[in-house]
Protein chains: 2
Amino acid sequence: MRFVGVDWGTTRLRAFLVDGAEVVARGASDDGIGRLQPGGHGAAFGRLAGAWLAAEPGLPVVLAGMVGSREGWFPAGYAACPAGAREIAAGALAVDLGAGRQGLVLPGVAYEERGGIDVMRGEETLLLGSDIADGLVCLPGTHSKWAEMRGGRIHRFATFMTGEMHALLREHSMIGRPATEPADPAGFEQGLAAVGAGRDGAASLLHDLFRARAATVSGQLAPAALGPYLSGLLTGDEVAGALRLFRPPQGVSVVAEPARAALYAHALARHGVRAEIMDPEPALLGGLRRVLAAR
Amino acid sequence: MRFVGVDWGTTRLRAFLVDGAEVVARGASDDGIGRLQPGGHGAAFGRLAGAWLAAEPGLPVVLAGMVGSREGWFPAGYAACPAGAREIAAGALAVDLGAGRQGLVLPGVAYEERGGIDVMRGEETLLLGSDIADGLVCLPGTHSKWAEMRGGRIHRFATFMTGEMHALLREHSMIGRPATEPADPAGFEQGLAAVGAGRDGAASLLHDLFRARAATVSGQLAPAALGPYLSGLLTGDEVAGALRLFRPPQGVSVVAEPARAALYAHALARHGVRAEIMDPEPALLGGLRRVLAAR
C-alpha cells in the first residue's frame, strides 16, 4: 500500500510518503497544532506534502494526533475502548484537505470506567502498529500511555503525566531549582531506589518529591544528580503504578527511542519485568497502514 | 515571659511583642528571606522590632524559620529527631542582631531513616506550641508537614509538597490550563472522591492528575471546577499517604487557618479520622516561648 501518513502533534508536524514497509520520502516542521492559527493548517500541510500529492493525486492521506482535537484542524472525537483498527477507521473523518485533496483524520481513543475517563490522541496509532495482539504496551512521554492489548485491540489504558511533571519540577519548582548541569546520570538509579523507600514501602509521590529537596539542602544529594534523580523518582512511580493497575504476565513492550526505552527497561527490571523495546516510527506507520486497510 | 518572637519565612517577615499569652504589638512585612539581599536582614528586622527593643533593651528575641537556613541571616543547621524544646534550644544560635541586640536563631529539624532524610524549618515551633504531647499533628501548606509527637517531642515527620504542586499545576501545566475563575468549590469534593478511584483502588497521582485533564477535555468536568478538583485530588492523596505512614489512632490535630483546616478535616473524615482544628498563631508563639524557657 502506498500512502501519505501524517503525525500532527502539539509541537511538531511530520509527514511520510510510504510505500509498503518503506518510507520513500519524509518531511517535518515546527507547525504543531499548538503553534498554528485557525486557517493556517492547510498551508502548513501543503508545505510538507503538497508536492507528493501533486505528483500522485489519488494517494490516500491519513492524519493522526492533535490534528483531530478540538484545538486541531478537524475535530474527530474519540473511539471507545475496546478499539482496534476497524473501530478507529469507523470513527475517522473523511475530509477535504483543500485543492481537491482528500484525507482521513483519525479519532482519539477514550477509556471509561467507574473511576473516570482517560483519553489518548495519536498514541492509538503506535499501539496498533506495535503488532502486539495480546499484551501490555508502554509509550513513555510527556503523558505516558500504558495499554492492555487484547485480540489486536486497545482493551484499556492509563495515562501518567510523567514527562510533563518532570518539566514542571525542573523549570518551575522549588524542588528542582538547585539542579545543575551537566547532569550526573547516576542520579536516575538513586531516584528509582527512592520510590516508596520510606518505612512501610507505600509510595507517596508528594512525599518522595519533597525528600529530593531535603536530600539536596542537607547535602546528601549532589545538585548535578538532582535532575536525573527526579526523572528516576517519577519513572519509578509511574512504573509501580502501572504494574499495580495492569499486573502484567512477564513482559512489557516499550515503544520509545533507545535512550528513554533503556531507562524504562531498567525501571521494569527492578520489578522483575522484562522489556521488549520497539522503535516508534515503524509502529506509527504500521498503525496508519492498518487503519487505512480497515476502511 | 515577655519576649520578641519572629517568624521569618521565604516570603514574609512577622514580628510579635509577646507578654505571657498576650500579643502586645505586632508587625509584618514582605521582607521574606527569598526577597532580601545579603546585608539587608538587620534593617528589615529593625523596621519591625527596632522600637520595641530600644524601649526594652534586655528583651529576649527568638527567631524561627528560613532566617536560619543557608540562604538566611544566620545558618543554624538542624536538630535531629526526636526533637523537643530542649533539643531545639540546644541547637539554637545566640547571635548579635546589631546595635547591641542579642537574639536566638532556631535550627530546623531533620528526620533521617533508612529511606532518606526529611527536613523542616519553622514548623517545629508550631508543633511544640500545639501542646500535643502524644499524637499526630498536620500543618497544611506549601510543603505540608505531618508529625508524630511523643512525650512532647517531634518523634518523626513527613513532608508533602501539596501546596507547591497545586500552584505548579494551576500556573504552569497543561493539566491546569483549562481552569477558569471564579472557581466552583464543589470541585474539591469531586477531586477527593477521584483519588485512586480506578480499578484496584491503588492511587497513582501521576495517573489521577492526567485523568483530571481527560475529564476536562471530554466535557465531564467543568473548567470552573478544575482548580478545586486538583486541590481535592492533591489533598486527598496527601492525607491517604500520611495515614499510610502514620496509622493514627483516632484523631489528627490540624494547625491551619479555618478555611484550609476545614478542607483537611473533610478529607480526614473520608477515612473515618476526626480532626481537631487549631489556630496557627498561638501555636507559633507558644512554641517560641517553650524554646526560650528551655534555655
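This structure is a prediction, so every number in the text was calculated from the model and none was measured.

Conventions we followed
- Residues numbered from 1 in each chain as written.
- Chains lettered and ligands numbered in written order.
- Predicted model: local features only at pLDDT ≥ 70, side-chain atom pairs only at ≥ 80, totals over all residues.
- Heavy atoms only, no water.
- Pairing = 2+ DSSP bridges.
- Helix = DSSP H or I, 4+ residues; strand = E, 2+ residues; numbered from the N terminus.
- Axes fitted to C-alpha atoms, helices over the stretch in contact; angles between N-to-C directions.
- Contact = heavy atoms within 4.5 Å.
- Buried < 20%, exposed > 50% of the residue type's maximum accessible area, 1.4 Å probe, protein only.
- Arc of directions from axis to C-beta.
- Least-squares fit on C-alpha atoms with pLDDT ≥ 70 in both.
- Expected span 1.5 Å × (residues − 1).
- Buried area = accessible area lost by both parts, 1.4 Å probe.
- Salt bridge = Lys/Arg side-chain N within 4 Å of Asp/Glu carboxyl O.
- Polar contact = N/O pair within 3.5 Å; in protein donor to acceptor, adjacent residues only side chain to side chain.
- Nonpolar A, V, L, I, M, F, W, Y, C, P; charged D, E, K, R; others polar.

A. Examining the sheet that holds strand β14 (residues 274-278) of chain A more closely. Residues and elements named next belong to chain A. The 5 strands lie next to each other as β12-β11-β10-β13-β14, forming an open sheet whose pairing is mixed. With partners counted over all chains shown, the strands left at the sheet margins are β12 (153-160) and β14, one partner each. Strand after strand, the sheet turns through a mean of 25° between neighbouring axes, direction not considered. Inspection of the sheet shows strand β10 (residues 135-139) paired to strand β13 (residues 251-255) by 3 bridges, in the parallel sense. Each bridged residue has a counterpart across the sheet, and for L136 the counterpart in β13 is V252. Together, β10, β11 (144-150), β13 and β14 form the strand contacts of helix α8 (residues 258-269), whose direction differs from that of β14 by roughly 165°.

B. Looking closely at helix α5 (residues 187-194) of chain B. All names here are of chain B. Turning to α5, its buried residues number three or more, namely G187, F188, G191, L192 and A194. Along the axis of α5, the buried residues cluster in a sector spanning 165°; they form a single face. Where the residues of α5 are buried, they touch α6 (205-217), α7 (223-246) and α8 (258-269). Once α5 finishes, G196 follows within two positions and takes phi at roughly 60°, a positive value.

C. Inspection of the environment of A222 of chain B at higher detail. All names here are of chain B. Structurally, A222 can be placed in the loop between α6 and α7. Judged by its relative accessible area of 43%, A222 is partly exposed. Considering only alpha carbons, one finds A222 and A183, 39 residues apart in sequence, at a separation of 9.8 Å.

D. The relation of the copies chain B and chain A, seen in detail. Mapping chain B onto chain A leaves a residual RMSD of 0.0 Å; the transformation is a rotation of 180° accompanied by 0.0 Å of translation along its axis. Expressed as a symmetry operation, the mapping of one chain copy onto the other fits a two-fold axis. A shared binding surface is used by both copies, with 100% of the interface residues of chain B retained as interface residues in chain A.

E. Main features of α8 of chain B. Residue and element names in this part refer to chain B. Its 12 residues give α8 an end-to-end C-alpha distance of 16 Å, which sits within 8% of 16 Å, the value for a rise of 1.5 Å per residue. Every buried residue belonging to α8 is among A261, Y264, A265, A267 and L268, and all of these are buried. All buried residues of α8 fall inside an arc of 160° around its axis, so they share one side.

F. Fine view of the interface of chain B and chain A. Contacts between the two partners involve 55 residues from chain B and, on the opposite side, 55 residues from chain A. Interface area for chain B against chain A, summed over the two sides, is near 4700 Å², with a carbon-plus-sulfur share of 59%. In this structure, the connection of chain B to chain A is made through 2 salt bridges. A salt bridge links E113 of chain B to R211 of chain A; the shortest N-O distance between them is 2.9 Å. At the junction of chain B with chain A, the criterion picks out 13 residue pairs in polar contact (both at pLDDT 80 or more). For the side of chain B that touches chain A, the elements supplying multiple residues, two or more each, are β8 (108-113), β9 (116-120), β12 (153-160), α4 (162-172), α6 and α7 of chain B. It is α6 of chain B that provides the largest number of residues to the side of chain B that touches chain A, a total of 11 residues. Residue composition of the side of chain B that touches chain A, by class: 24 nonpolar, 15 polar and 16 charged.

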